[in-house]
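Each chain, letter by letter, is given below.
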Amino acid sequence: MNQQQTKIQNPELQVPKNTQMSERDFINDQLATEKYMTSSYSIALNEASHAALYQDLAGICQQTQDCQRDLYNVMFRKGFYALEAAEAQKMQQSYQQFQGYTNQLPYGNGNGNPSMS
């Protein structure tokens, strides 16, 4: 069965092709920076030993993730990102595959904490 993928994309904003940074370049640079910062804050959260510092970092990390998402949405609205609609059958197959994986995890079967015996 050969089905065509449905492409989901807004009309792409035309940007000049020259040596100067375009609007797309600026937004893409900002998005890359936010991704880097989110990753760095995640590491800092894992290593924070002081509760108040952890809470401050968690708030900043959430704001950074929100900014990252906003930039992604701007790029999608301007047509700089395209998505492909997934077929329902493939989604169901993936769901079943990963649902099977949860049965292999110590906490994935709904039994709570594994016994310590």
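## Remarks on the side chain of Ser22
With respect to the helices, strands and loops of the structure, Ser22 is situated in the loop between strand S1 (7-8) and helix H1 (23-47). For Ser22, a relative accessible area of 7% puts it in the buried group. With sequence-adjacent residues up to four places away left out, Ser22 is seen in contact with Val15 and Pro16.

## Concerning the packing of aromatic side chains
Under the defined criterion, the tally for this structure stands at three aromatic pairs. Ring geometry for Phe98 versus Tyr101: centroids 5.2 Å apart, planes at 85°, classification edge-to-face. Of the two residues, Phe98 and Tyr101 are both situated in helix H3 (residues 88-102); the distance of three residues between them amounts to about one turn of the helix. Residue classification places Tyr101 among the partly exposed residues on the basis of a relative accessible area of 38%.

Thresholds, definitions, all that
- Residues numbered from 1 in each chain as written.
- Predicted model: local features only at pLDDT ≥ 70, side-chain atom pairs only at ≥ 80, totals over all residues.
- Heavy atoms only, no water.
- Helix = DSSP H or I, 4+ residues; strand = E, 2+ residues; numbered from the N terminus.
- Buried < 20%, exposed > 50% of the residue type's maximum accessible area, 1.4 Å probe, protein only.
- Contact = heavy atoms within 4.5 Å.
- Phe/Tyr/Trp six-rings, centres within 6.5 Å; stacked < 30°, edge-to-face > 60°.

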